[in-house]
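What follows is each chain in one-letter form.
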Amino acid sequence: MSDLKDRLLKELSNSVVDMDEVKTIEIAQNFVKHNLDAYEAIDKGLASGMERAGKLYEEEEYYIPELMMCSDAMYAGLDVLKPHLGKNEGGHKHKVVIGVVEGDTHDIGKNLVKIMLETSGFEVVDLGRDVPPMAFIERAKEIDADIIALSTLMTTTMENMATVVQILKDEKNNKIKVMVGGGCISPGFANKIGAYYASDASKAVKMARSLVEKTIVC
Amino acid sequence: MLADKMMPMERARALAKGEMVDRLPCNPNVANGVARIYGCKISEFNTSARTIANAQIASYRRFGYDGVRIFTDLFPWAEAMGAEINFPDDNTANLAKPAINDISGIFNLQPADPYRDGRLPIHIEAMKYLIDELGDEVGCAGGIVGPFTNAFFLLGIENLIKLMFKNKEVVHRACEVSLETCIRYVQAIIDQGLTPTISESMSSCTVVSPKHFREFGAPYIKRLVQYINSKGKPVTMHICGKTAKIWEDVVAMGIAGFSIDNVVDLKQCKEQIGDRVKILGHVDPSAILYAGTPTDVRRAVIECVQQAWDAPKGYVIMSGCSLPVETPFENIEAMMDTAREIGYPVDPEKLNKMLSGHNYSFSRYNE
């Protein structure tokens, strides 16, 4: 039995890495059919596949298109498994409000960060693209978010990231941490505006984890 | 600001002949920030050729850099082929909706007519004003987005990415019709007497793999470069982000110059391809030019020159990508002044001294 489970978990992970949507669905269905734990399939199958894909991306074996295809496969598997999750899974989840800042409509990077955060246990509210600074703050307060994650690809819109940080600073709201990333963003820029920087999706997850852990310690 | 002893055109001609010049060419790549210098809104560029040209001219006159270009955003070609564009009041245009939403629309895609469609006629008119006014003193370029990058805006970025795996034919078809638009537009640039430059941002290894670039991007971009060369014009290409893995492919297309992003190793780039193409780059437009101080800019320019001044086919001090609109003027001035301070021929000893010494020269400029 556990041999079967281990085999299916491995296959699930592989099918995500191999960008094979159809196969991912098949294996997920097979998993459910054998009454195996859906949460485990997500955690040790799909998420493990995404994590491996993320590693391949860091090693420049995979690129953004490959990651997107992997995430499509992962989401397809997720759709099969989700209805079979128990109700009390997870417990308290840290919350992130994510979006692309106003003036920019490139959202590939943001979508990847969102997926990676979700698969690693964060609850993510996605405001989409071209989002005004105040919208991030209002939503973050509404859901009591731990982190606001801002993305932009274009140098022309970086100013809006600084605005978000500045509003929080003006309100003396230092509970909400701001993470920034995107093609044109550098550690120097993040530092200047008082935000945390992540250079890619998997580093964003590590950064988010360390930020919420710090919050707990404080 | 320090004064130049030569006009950019004079400098370029002398360099080409291997003669003495006053300094290395330097192009901060001011982009839509020219609106801040001229004092107009960026959205005025969408309707007024005169304003585009005037803003370019004003910025050139203020800083004295070595190249002006008509290029307002990445989308006029996709727009002319049916894409919908957002035009913010005072910021750079961005893509609202690709030209086709469904791949069944692929056969309806038609190449654009540069004299009729979208904003292209405005850009061509602006080129005329630019070359009339500045053609004798500085190199005038018409910018175009390459056929592969433009295809992303025709099909939608995420769509095209998925189609590279699922329906290659559609991607090729989009690149082909995109190339036809590019060829017509570069012909228009050449007809106005300007030199084309190609921006191929989506070819970047930060976006697609070298394998996909070779399959879908390179064949079409190469045909565009060959077309330009067949008209007796050289062409410079810029690709954002990481590019090391595709340098050889790009050089093999027959480009004359390659402009690199600041994430790339400039020295390595010079060593690998500097014997075949001119290298342009790569002061960080975001951390240094936008967010840094004039002192940071000075240091970054010197460090770039240290890495690439001896490039066999020549080197141009440039930013790694178009400057953010709100880049402080004093940083652009600092970039130009550092090029002037370095002078020519470049003396590596002097560069070392400039880096280690205190910034006495800067306090002098800032007066």
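The structure contained in this document is the topic of the report that follows. Every chain is numbered independently, its residues counted from 1 as its sequence is written. Key to labels: chains lettered from A, ligands numbered from 1, both in the order written. A pLDDT threshold of at least 70 governs which residues receive local features in this predicted model, and a stricter bar of 80 or more applies before side-chain atom pairs are shown or counted, although totals over entire chains, interfaces and linings include all residues.

## Observations regarding the overall build of chain A
Argument step 1. When helices and strands are counted, chain A shows nine helices and five strands.
Argument step 2. The atom set for the radius of gyration is the C-alpha atoms, and the globule formula is 2.2 Å times the number of residues raised to the power 0.38. Compactness check: chain A gives a C-alpha radius of gyration of 18 Å against a globular reference of 17 Å for 218 residues, within 12% of the reference.
Argument step 3. Over its C-alpha atoms, taken along the principal directions, chain A stretches across nearly 55 × 35 × 25 Å.
Argument step 4. For the exposure call, what matters is how many other C-beta atoms sit within 10 Å of a residue's own: 20 or more marks it buried, 12 or fewer exposed, and in between partly exposed, using C-beta atoms placed from the backbone. Looking at the 218 residues of chain A, the share that counts as buried comes to 51%.
Argument step 5. Our contact criterion uses C-beta atoms placed from the backbone: two residues qualify when those atoms are within 7 Å. Across chain A, every contact between residues at least 6 apart in sequence was considered, and the portion connecting residues at least 24 apart equals 74%. Put simply, DSSP H or I for four residues or longer makes a helix, DSSP E for two residues or longer makes a strand, and each gets a number counted from the N terminus.

## Some details on the interface of chain B and chain A
Argument step 1. If you look at the interface, chain B gives 30 residues, while chain A gives 23 residues.
Argument step 2. Put simply, the parts of the chain that give the side of chain B that touches chain A at least two residues each are strand 4 (94-97), helix 7 (157-166) and helix 12 (285-290) of chain B.
Argument step 3. Broken down by element, the side of chain B that touches chain A gets its largest block of residues, six residues, from helix 7 of chain B.
Argument step 4. Amino acid classes used here: Ala, Val, Leu, Ile, Met, Phe, Trp, Tyr, Cys and Pro are nonpolar; Asp, Glu, Lys and Arg are charged; the rest, including Gly, are polar. For the side of chain B that touches chain A, the per-class residue count stands at 17 nonpolar, nine polar and four charged.

## Here's the deal with the nonpolar core
Argument step 1. Working definition: the nonpolar core is a set of buried Ala, Val, Leu, Ile, Met, Phe, Trp, Tyr and Cys residues, joined through C-beta atoms within 7 Å. Judged by nonpolar contacts, the single largest core of 197 residues is most densely connected at Ile 148 of chain A together with Leu 154 of chain B.
Argument step 2. A total of eleven residues in this core trace back to one element, the largest contributor, which is helix 8 (residues 168-191) of chain B.
Argument step 3. Residue ranges for the domains trace back to a domain assignment, done automatically or taken from a database. Of the domains in this structure, domain 1 (2-84) and domain 2 (95-217) of chain A are the two that each give at least three residues to this core.
Argument step 4. Among residues more than four places away in sequence, those in contact with Ile 148 of chain A are Val 97, Phe 136, Ala 140, Val 164, Ile 176 and Val 178 of chain A.

## Overview of the packing of helix 8 of chain B against helix 9 (residues 210-230) of chain B
Residue and element names in this part refer to chain B.
Argument step 1. Geometry is summarised by axes, namely lines fitted to C-alpha atoms with helices restricted to the contacting stretch, and by angles between N-to-C directions that run from 0 to 180 degrees. Interaxial distance between helix 8 and helix 9 falls to 10 Å at its minimum, and their mutual angle equals 20°. Here helix 9 runs roughly parallel to helix 8, going by the angle between their axes. As helix 8 runs across helix 9, the sense of the crossing is right-handed. Note on element contacts: helix 9 touches helix 8 through Phe 216, Tyr 220, Arg 223, Leu 224, Tyr 227 and Ile 228, opposite Val 171, His 172, Cys 175, Leu 179, Cys 182, Ile 183 and Val 186.
Argument step 2. Its residues assigned to classes, the contact of helix 8 with helix 9 shows eleven nonpolar, one polar and one charged. An angle counts as roughly parallel when it lies under 35 degrees, as roughly antiparallel when it exceeds 145, as roughly perpendicular when it falls between 65 and 115, and as oblique in every other case. Note on convention: near helix rotated counterclockwise from far helix by under a right angle means a left-handed crossing. Clockwise means right-handed.

## Looking at the sheet that holds strand 3 (residues 147-151) of chain A
Residues and elements named next belong to chain A.
Argument step 1. Spatially, the five strands line up as an open sheet ordered 2-1-3-4-5, and their pairing is parallel. For this open sheet the edge positions go to strand 2 (123-126) and strand 5 (196-197), each flanked by a neighbour on one side alone.
Argument step 2. Docked against the sheet, helix 7 (residues 159-170) engages strand 3 and strand 4 (177-181), running at close to 175° with respect to strand 4. What makes two strands pair is DSSP finding at least two bridges between them.

## Focus on the pairing of strand 6 (residues 195-199) of chain B
Residues and elements named next belong to chain B.
Argument step 1. Counting buried residues along strand 6, four of its five residues qualify, which places the element largely inside the surrounding structure.
Argument step 2. With three bridges joining them, strand 6 and strand 7 (residues 236-239) adopt parallel strand pairing. Across the sheet, Ile 198 pairs through a bridge with Met 237, a residue of strand 7.
Argument step 3. Read from strand 6 through helix 9 to strand 7, the crossover connection turns out right-handed. Here a crossover is taken to be right-handed if, once the strands point away from the viewer, the path from the first strand over the helix to the second is traced clockwise.

## A short note on helix 13 (residues 294-308) of chain B
For an α-helix the count is 3.6 residues per turn, leaving residues at separations of three or four pointing the same way.
Argument step 1. Between its first and last C-alpha atoms helix 13 of chain B spans 21 Å; for 15 residues at 1.5 Å apiece the expected length is 21 Å, and the two agree.
Argument step 2. Looking only at helix 13 of chain B, the buried set comprises Pro 294, Val 297, Arg 298, Ala 300, Val 301, Ile 302, Cys 304, Val 305, Gln 307 and Ala 308 of chain B. The length a helix should cover is 1.5 Å for every residue beyond the first.

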